[in-house]
Amino acid sequence: MLSKSLKRRESELANTKRQLEILSNGIFQDGELPKFNDKIAESQQFPLKANLLEILQINVGYMCNQVCEHCHVDAGPDRKEIMTRETMLQCLEVIKKTGAHTLDLTGGAPEMNPNFRWFVEEAAKAGIKDFIVRSNLTIIRANKKYHDLPEFFKKHNIHVVSSMPHWTRGKTDKQRGDGVFDKSIQALKDLNAVGYGIPDSPLKLDLVYNPSGAFLPGDQASLEKEFKKALLEDFNIQFHNLFAITNLPISRFLDYLIASENYEDYMYQLVDAFNPAAVANVMCTNTLSVSWDGYLYDCDFNQMLNLKVNSKVKHIKDYNEALLTGRTVVTSQHCYGCTAGAGSSCQGVVA
Amino acid sequence: MAKTYYDPADLRKFGKITEWNEELGTKFFDYYNSVFEEGHLSAREKSLIALAVAHTIQCPYCIDAYTGDGLQRGITKEEMMESLHVAGAIRGGASLVHGVQMMNKVNKLEM
């Protein structure tokens, strides 16, 4: 089980340039598999353009109480990158003036940012229609100071989106660490207790499913049915929707793919499952990702590869909707992860 | 000619059989895809049946395909192994049930 981030271990994959080299070399360099841009060009979808902003996703820091094997952020307790109040103020200016319908806070464990609650309180005042916090669940049980998070979320009408790789203990703990399953179950019960996830409740609780290995997610609706049945029967837990998200071949998941000699087979799976219909709705067409230090990216994955937006505006303090709309999305071969099968985004399938 | 009879990379090329007989190949894949749709049995149940049958007929391609399919569907390794024991029990039972024939023959021939 992992205990340190790639960065802390000084792994060569902590270097984003190295990751991008791997994603462009080998099977993609010798033409065995087509590069992403060539593939989308086959269906006249190149270049990919960003439309008007609908979802503003803010990563408030890479610190996390967990060290999950598949984490694309390379998050963990040893990551010190945390968004400052100054950058949060710059984000708030944008939140107030943007027409985006969704604000999406992520991390790391966003709750570990010391200014998290202040930021949520301020951002909630902007009245954005859908205010998401991506919570890993275990944080709620990690320390007494987090036990009241369900009440806090409720007070600000936060839409909670939580990771849950499987409805069984074995598969969950293997991906996310020993004891994660039991703590997650307790946290879900805490959220249910204040009204989250109950059918017809306005307090939205959705779960995110990532495959626990080198395979693609199955049908989202079928998986949701399985999750709902098992969690209700075994633990009397309820939730609203399940988002099935494909693991993208970057960061720790890329490290795992290479170490387990699954990299090439996985890339074949992604390319074979390429779905042109998913391309039209990939999240980079309506999302902007802000990093802990205020820089702008087409998505959270590009943020982790340090691929900043292709625009004159590169920082939240200079935010300009007119300049950012219509920008060409920065891509590499990891993008196949969002166009495989029914597609994948932070909101689940897209096709 | 390849040095081995089986190459995992060939599984991806299964669809190519249609190239040498489009009519029958297409009919086969249409039928195949229909079989695995949700019906009176769930697609999940069918996947587990396919995995058990794959082991019974000892098809490496099918084992590869339906192990992966099971993982995608969230089927656990415990469920997969149980389905294999169903295959094993039927295979073993098929041998042993013929023991009655052996016993009948012995009883007939022995004084």
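Summary of the structure given here. Every value quoted in this text rests on a predicted model; they were computed, and no experiment measured them. (Residues numbered from 1 in each chain as written. Chains lettered and ligands numbered in written order. Predicted model: local features only at pLDDT ≥ 70, side-chain atom pairs only at ≥ 80, totals over all residues. Heavy atoms only, no water.)

With that out of the way, let us pick up the overall build of chain A. Along the backbone of chain A there are 14 helices and eight strands. If you take every contact in chain A between residues at least 6 apart in sequence, the share linking residues at least 24 apart comes to 74%. A total accessible area of about 14,100 Å² is found for chain A, and carbon and sulfur atoms account for 48% of it. Of the side-chain charges in chain A, 39 are positive and 42 negative, and the distance between the mean point of each set is 6 Å. (Helix = DSSP H or I, 4+ residues; strand = E, 2+ residues; numbered from the N terminus. Contact = heavy atoms within 4.5 Å. Areas by Shrake-Rupley, 256 points an atom, 1.4 Å probe, with all protein chains shown as cover. Lys, Arg positive; Asp, Glu negative; His and termini not counted. Charge placed at Lys NZ, Arg CZ, Asp CG, Glu CD.)

Another aspect to go through is the interface of chain A and chain B. Contacts between chain A and chain B engage 15 residues on the former and nine residues on the latter. Across the chain A to chain B interface the summed buried area is about 920 Å²; carbon plus sulfur atoms make up 49%. Together, Lys171, Phe215 and Glu226 of chain A form the three largest contributors to the area buried by chain A at its contact with chain B, with a combined 35%. Where chain A meets chain B, there are two salt bridges. Ionic pairing is found between Glu226 of chain A and Arg44 of chain B, a salt bridge with its closest N-O pair at 3.1 Å. (Buried area = accessible area lost by both parts, 1.4 Å probe. Salt bridge = Lys/Arg side-chain N within 4 Å of Asp/Glu carboxyl O.)

Turning to the pattern of salt bridges, a few remarks are in order. Residue and element names in this part refer to chain A. Under the criterion given, the structure shown has 24 salt bridges over all chains. The partner of Lys125 in a salt bridge is Glu122, with the nearest N and O atoms 3.0 Å apart. Linking Arg141 and Asp190 is a salt bridge whose minimum nitrogen-to-oxygen distance equals 2.7 Å. On the criterion of sequence distance, the pair formed by Arg141 in helix H5 (residues 138-142) and Asp190 in helix H8 (residues 180-193) is long-range, its members being 49 residues apart. Taking relative accessible area as the criterion, Asp190 reaches 16% and is therefore assigned buried. Through salt bridges with shared partners, a single network forms among Lys7, Asp74, Arg79, Glu81 and Arg252. (Buried < 20%, exposed > 50% of the residue type's maximum accessible area, 1.4 Å probe, protein only.)

Another point: the packing of helix H7 (residues 169-176) of chain A against H8 of chain A. All names here are of chain A. As a packed pair, H7 and H8 sit with axes 8 Å apart at the nearest point and diverge in direction by 110°. Comparing the axis directions of H7 and H8 gives the class roughly perpendicular. In this structure, H7 contributes Arg169, Thr172, Asp173 and Arg176 to the contact, and H8 contributes Val180, Phe181 and Asp182. For the contact of H7 with H8, a count of residues per class yields two nonpolar, one polar and four charged. (Axes fitted to C-alpha atoms, helices over the stretch in contact; angles between N-to-C directions. Parallel < 35°, antiparallel > 145°, perpendicular 65-115°, else oblique. Nonpolar A, V, L, I, M, F, W, Y, C, P; charged D, E, K, R; others polar.)

Take a negative patch on the surface next. The grouping of Asp30, Glu32, Glu264 and Asp265 of chain A together with Asp64 of chain B at the surface amounts to a negative patch. As for its placement among the helices and strands, Asp265 of chain A is situated in helix H11 (residues 263-272). (Patch = residues over 30% accessible without salt bridge, like charges linked within 9 Å, V, L, I, M, F, W, Y side chains within 5 Å.)

Once that is clear, we can look at a nonpolar patch on the surface. Residues Phe14, Ile17, Phe28, Tyr31 and Val35 of chain B make up a contiguous nonpolar surface patch of roughly 460 Å² in combined accessible area. Its relative accessible area of 57% is what places Tyr31 of chain B among the exposed residues.

A separate point is unusual backbone geometry. Of the consecutive residues Phe46 of chain A and Pro47 of chain A, the connecting peptide bond is found in the cis state with omega at -5°. Along the polypeptide, Pro47 of chain A turns up in the loop between helix H2 (36-42) and strand E1 (55-59). Unusually for a residue other than glycine, Leu137 of chain A sits at a positive phi of about 75°. Note on placement: Leu137 of chain A falls in the loop between strand E3 (130-135) and H5. The class of Leu137 of chain A is buried, set by a relative accessible area of 0%. Unusually for a residue other than glycine, Gln58 of chain B sits at a positive phi of about 50°. Examined against the element boundaries, Gln58 of chain B turns out to sit in the loop between helix H2 (43-56) and helix H3 (60-72).

On inspection of all chains with the given rule, the structure shows one disulfide over all chains. With a sulfur-sulfur separation of 2.4 Å, Cys59 of chain B is cross-linked through a disulfide to Cys62 of chain B. Measuring handedness by torsion sign, the sulfur bridge of Cys59 of chain B and Cys62 of chain B sits at about 75° and is right-handed. Just so you know, Cys68 of chain A is unpaired, no disulfide at all, and the nearest cysteine sulfur is the one on Cys64 of chain A, 6.3 Å from it. Residue class for Cys68 of chain A comes out buried when judged on its relative accessible area of 7%. For the unlinked cysteine Cys335 of chain A, the closest cysteine sulfur is that of Cys284 of chain A, found at 6.6 Å. (Disulfide = S-S within 2.5 Å.)

With that out of the way, let us pick up the packing of aromatic side chains. With the rule as written, the count across this model stands at 17 aromatic pairs over all chains. Between Phe181 of chain A and Phe235 of chain A the ring centres are 5.7 Å apart and the planes differ by 65°, which places this aromatic pair in the edge-to-face class. Here Phe235 of chain A lies in helix H9 (residues 220-235) and Phe181 of chain A lies in helix H8, a separation of 54 residues in the sequence. Its relative accessible area of 1% is what places Phe181 of chain A among the buried residues. Aromatic side chains Phe36 of chain B and Tyr66 of chain B sit 5.4 Å apart centroid to centroid with 25° between the ring planes, which places their arrangement in the stacked category. Pair noted here: Phe36 of chain B is in the loop between helix H1 (22-35) and H2 and Tyr66 of chain B is in helix H3, with a separation of 30 residues, a long-range link. By relative accessible area, which is 22% here, Phe36 of chain B ends up partly exposed. Judged by relative accessible area, which is 11%, Tyr66 of chain B ranks as buried. Here the aromatic cluster, defined as three or more aromatic residues joined through ring pairs, consists of Phe14, Phe28, Phe29, Tyr32, Phe36 and Tyr66 of chain B. The residue whose ring lies beneath Arg117 of chain A is Phe152 of chain A, and the NZ or CZ to ring-centre distance is 5.0 Å. Sitting over the face of the ring of Tyr295 of chain A, Lys308 of chain A holds its NZ or CZ atom 4.7 Å from the ring centroid. (Phe/Tyr/Trp six-rings, centres within 6.5 Å; stacked < 30°, edge-to-face > 60°. Lys NZ or Arg CZ within 6 Å of the ring centre and 35° of its normal.)

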